[in-house]
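# Architecture and fold: a report
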Number of protein chains: 2
Amino acid sequence: MPRVVCPRCEKAETVQKSGIVRKKQRFYCKDCNYHFTIYHESIKSRKKQKPNSGGQTSLLDIAKAVGVSVSTVSRALNNHPDISEKTKVAIKSIAKELAYEPNALAQSLVTRSTHTLGVIIPNLHTTFFATMLSGIQHVSSQAGYRVVICQSDDLHQTEVANVQALMNNMIDGLLFCHSLETSTFDHIKIQLRRGIPIVQFYRVSLEVETPCVFCEDENGAIQVTEHLIEMGCRRIGILLGPPHLMISKKRLEGYYKALNKFKIPLDPKLVANVDFSTKSVHSSVDNWLHLDVPVDAVFSISDKSAVQTIQYLKKLHIKVPDTVCVAGFGNEYTGEIIEPQLTTFDVRTGLIGEKTAKLLLNRIIDQNSTSENVTVKGHLIVRDSSKRVQHL
Amino acid sequence: MPRVVCPRCEKAETVQKSGIVRKKQRFYCKDCNYHFTIYHESIKSRKKQKPNSGGQTSLLDIAKAVGVSVSTVSRALNNHPDISEKTKVAIKSIAKELAYEPNALAQSLVTRSTHTLGVIIPNLHTTFFATMLSGIQHVSSQAGYRVVICQSDDLHQTEVANVQALMNNMIDGLLFCHSLETSTFDHIKIQLRRGIPIVQFYRVSLEVETPCVFCEDENGAIQVTEHLIEMGCRRIGILLGPPHLMISKKRLEGYYKALNKFKIPLDPKLVANVDFSTKSVHSSVDNWLHLDVPVDAVFSISDKSAVQTIQYLKKLHIKVPDTVCVAGFGNEYTGEIIEPQLTTFDVRTGLIGEKTAKLLLNRIIDQNSTSENVTVKGHLIVRDSSKRVQHL
DNA sequence: TTGTATGCGTTATCAC
DNA sequence: GTGATAACGCATACAA
């Protein structure tokens, strides 16, 4: 004769009834001073009491309607091969009828996969980053992944806060483009240790061991600088971002290489770091114009500042490109609108986003996929802001 | 002597042991032909067997470490008043030590709130919508909500697919800006019936009963048109979007009102619907220029087309604003860069996004908050593209 | 082929 | 003040 065994001490002799709790028989083990109930009783009362909790159709509703078990329904809807065609058809038909939608939360809790990616990006005001995001979103949604976004507003603190906000098991992977301010990376390293796949793009740090997606920073800078040299420029000012950024470093490197190739002397006075604000751009340009040998070209590593430069030069009645050539980097839409139109290097922002998402998705889907860094090829776009007849 | 009761028939006499399954005692009710096990046994073996499943610290881990129950830990971490200070401190300290992070999935499953908003927006390539999204994201994140984005790419089918993809219980509310193509709204109505809070913004449909956030469509169009009239223009071509869009209708209405006010005859030939493509804009402008009495102004309801118009007129060597004034609507960044700079109506895209998010969040947080439509005030920005000396 | 039980990690309810 | 456990909705190992 089976008896109830105390779950603590495993004995049956010491167990006695101890009243009814919520309509369930409750037991008590004298030996361990331990109260407990039996599972099945509660199952039963649950099934009887629940009409329908949240209003949504659940597997249980379908199971009851069809007259099968929840697991059968689950398997049928997932096209499990074990389930007979007949049952599948019946279940799917009822599911449709009841407008069943799986509860992704419950699924995720079980499968430990949310089909959601997080993106942290400096801002969305500019087409530049927005287009990257656009690429990310398109690729992700094609692969059946949602995209959660956060803007760091180029603030380190916000970036850190964003990471934390995203990290509550709600995302399967993270895409990262650092804020201008960010120069420490513990907030990412922590998450990396937790095992979440991360890919950095555009503004990356090699200090963090993740795959990265770059644009052609150095090569692009070489192409732009060489082009300006070929246009006859010899005093090329370069407008960089904050010095700690890798894009600043690598583009400066490219600039140097091009000058060296043409044996043009380097002049530290021609290198300026700006924070991309109008004020800082104007002041750098001012400095350059007042040098003993003033600039005959400005190469800005952002189109935004290049446009600001053109506008400023025009305001000063300095002719572009005749007196000063201007070139940007990035290929934003504004470059086509400014007059003269802007020579720039198309980094292909949309493609950067797409490649980044693909890289991350590959890592997520194919755990042991080799994930190496990717460099997105760009190309030089020569427009009027640098086209000038050579002073032979 | 307590005995195991069959969960089906509630009898105890018919129950007998039926072997050990996965280390648990299994029972069998002869009467119902029903096999079952007892709950507590499995609990016990679980606790012994599981080391740690996903690697993440859970409440159970903390409970074990501190020597209290899971419920106590949960309450302590939620600052429940019942828990003693001492216990709270102990639990929180261990929680920190174990780097505990609550599993938002599990929380959401129980609380039925994901703290996530979905946004469906036509695109992200243009600053226009990206800035709205930016506003939405800022407000949401301040309120502790995540934002999931989808672009419809101005395709109705994609818009519909997006809704479905977002709707798996993963979001608490939905923000909607329709695609250009969309003119049926069943996909939203279905979701509305399910009880999910929705707010439409910018491109809205009154056919769907949700709160809406508008910009000053009619009033803005009145202001722009009046301004052009005051500049001496009498033949003002208006460049609308697809005719089914409410923004087309309302802005046309404003245009008419302004003309009427100044007793300027309406000419249907001066009203054009375009799909915002370069080609369609050029062709409309061409038509207007070849009228018997050609246009002396173009009012485009999008800045993008206004810029295209200016560029085209310049290409045709038609002077802006001397021969033809141009005005846009929206205030995109490009309007400041084009030459002459574009007169436009600032609809304040960022603010539209913010107001939209606030409206939705209010509805979510405050179930019975009255949620009425909101119109975001904008203002006319007069720039060179319309400033001309009056022909008195 | 189908059903049963269990677990995912949390909150809420009730008992003590 | 604390503990036990049901429940959220689903997937799945195992039993039948």
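In this convention, every chain numbers its residues from 1, walking through the sequence in written order. Key to labels: chains lettered from A, ligands numbered from 1, both in the order written. Selection of residues for local features in this predicted model requires a pLDDT of at least 70, selection of side-chain atom pairs for listing and counting requires 80 or more, and totals for whole chains, interfaces and linings are taken over all residues. For the side-chain quantities, the full set of heavy atoms in the structure was used; hydrogens and water were omitted.

## So, the pairing of strand S8 (residues 212-215) of chain B
Residues and elements named next belong to chain B. The buried label applies to any residue whose accessible area, calculated with a 1.4 Å probe on protein chains only, is under 20% of its type's maximum; exposed applies above 50%, and partly exposed to all values in between. Helix and strand definitions follow DSSP, with helices as H or I runs of at least four residues and strands as E runs of at least two, each counted in order from the N terminus. Residues Cys212 and Phe214 of S8 are buried on one face, and the alternating residues Val213 and Cys215, pointing to the opposite face, are buried as well. As paired strands, strand S7 (residues 198-201) and S8 are joined by two bridges and run parallel to one another. The residue of S8 that forms the bridge with Phe201 is Val213. Pairing between two strands is assigned when DSSP locates at least 2 bridges connecting them.

## Considerations on the sheet that holds strand S12 (residues 325-327) of chain B
Residue and element names in this part refer to chain B. Pairing within the open sheet is parallel, and its four strands lie in the order S10-S9-S11-S12. Because the sheet does not close on itself, it has two edges, and the strands there are strand S10 (271-273) and S12. For this sheet the average axis-to-axis angle between neighbouring strands, irrespective of direction, equals 15 degrees. The pairing of strand S11 (residues 297-300) with S12 spans three bridges and is classified as parallel. Pairing of Ala297 across the sheet is with Cys325, part of S12. Orientation is described by axes fitted as lines to C-alpha atoms, over the contacting stretch for helices, and by angles from 0 to 180 degrees between their N-to-C directions.

## A word on the confidence of the model for chain A
Residues and elements named next belong to chain A. On average, chain A scores 87 in pLDDT, and the residues at 70 or more come to 85%. What pLDDT reports is the predictor's confidence in each residue, on a scale of 0 through 100. Here, two residues are considered to be in contact whenever any of their heavy atoms come within 4.5 Å of each other. Note that residues 18-25 has pLDDT below 50 and, in this model, 18 contacts with residues that lie over four places away or in other chains. Here residues 38-53 is a poorly scored stretch, pLDDT under 50, and it has 22 contacts once near neighbours within four places are set aside; other chains count.

## Remarks on the sheet that holds strand S11 (residues 297-300) of chain A
Residues and elements named next belong to chain A. The strand order S10-S9-S11-S12 describes an open sheet built from four strands, whose pairing is parallel. In the strand order of this sheet, the two ends are held by strand S10 (271-273) and strand S12 (325-327), each with one partner. Direction aside, neighbouring strands of the sheet carry axes that sit 15 degrees apart on average. On the sheet, helix H9 (residues 217-230) packs against strand S9 (236-240), S11 and S12 and is oriented at approximately 170 degrees with respect to S11.

## Some remarks on the pattern of salt bridges
Only one rule defines a salt bridge in this text: a Lys or Arg side-chain nitrogen within 4 Å of an Asp or Glu carboxyl oxygen. Enumeration over the complete set of coordinates arrives at 21 salt bridges over all chains. Among the salt bridges present, the one from Glu339(B) reaches Lys314(A), with a minimum N-O distance of 2.4 Å. Highlighted residues: Glu339(B) in the loop between helix H13 (334-337) and strand S13 (344-346) and Lys314(A) in helix H12 (residues 303-315), drawn from two different chains. Glu339(B) sits in the partly exposed class, given a relative accessible area of 35%. One salt bridge connects Asp384(A) with Lys387(A), and the closest N-O pair in it is separated by 3.7 Å. Residue Lys387(A) is classed as partly exposed on the basis of its relative accessible area, which comes to 46%. Here the salt bridges share partners, and the residues they tie into one network are Arg235(A), Asp267(A) and Lys269(A).

## So, helix H2 (residues 59-66) of chain A
All names here are of chain A. Buried residues of H2: Asp61, Ile62 and Ala63, and no others. Those residues of H2 that are buried are in contact with helix H3 (70-77) and helix H4 (85-97). Once H2 finishes, Gly67 follows within two positions and takes phi at roughly 90 degrees, a positive value.

## Comments concerning the pairing of strand S4 (residues 116-121) of chain A
Residue and element names in this part refer to chain A. Among the six residues of S4, six are classified as buried, and the element is accordingly described as predominantly covered. Burial of S4 is two-sided: the residues Thr116, Gly118 and Ile120 facing one way and the residues Leu117, Val119 and Ile121 facing the other way are all buried. Looking at chain direction, S4 and strand S5 (residues 146-151) are connected through six bridges and run parallel. Opposite Gly118, over in S5, you have Val148 as the bridge partner. Two elements, S4 and strand S6 (residues 173-176), share four bridges in a ladder whose sense is parallel.

## Some thoughts on the UniProt feature "domain: HTH lacI-type" (unreviewed entry) in chain A
Sites flagged by UniProt as "domain: HTH lacI-type" (unreviewed entry) map to residues 57-111 of chain A. Split by type, residues 57-111 of chain A is 67% helix and 0% strand. Its first and last C-alpha atoms lie 20 Å apart. UniProt positions are given in the numbering used here, feature names are shortened, and annotations may be inferred rather than shown by experiment.

## Concerning the domain arrangement of chain A
Residue and element names in this part refer to chain A. For the domain bounds, the source is a domain assignment made automatically or taken from a database. Taken as a whole, chain A is organised into domain 1 (15-106), domain 2 (113-215 + 349-377) and domain 3 (217-346). Relative to domain 3, the C-alpha centre of domain 2 lies at a distance of 29 Å. Listed per partner, the contact involves 14 residues of domain 2 and 14 residues of domain 3. Summed over both sides, the interface of domain 2 with domain 3 buries roughly 1,100 Å², with 61% coming from carbon and sulfur. On inspection of domain 2 and its partner domain 3, the count reaches zero salt bridges. Two N or O atoms count as a polar contact when they lie within 3.5 Å, although within protein this holds only if one can serve as hydrogen donor and the other as acceptor, and sequence-adjacent residues are included solely when both atoms are side-chain atoms. Here domain 2 and domain 3 share four residue pairs in polar contact (both at pLDDT 80 or more) between them. Going through the elements one at a time, helix H6 (127-142) and strand S8 (212-215) are the ones with two or more residues in the side of domain 2 that touches domain 3. Residues were grouped as follows: Ala, Val, Leu, Ile, Met, Phe, Trp, Tyr, Cys and Pro as nonpolar; Asp, Glu, Lys and Arg as charged; and all remaining residues, including Gly, as polar. Across the side of domain 2 that touches domain 3, the residue classes tally to seven nonpolar, five polar and two charged. Values labelled buried area give the accessible surface lost by two parts on being combined, using a 1.4 Å probe and summing over both.

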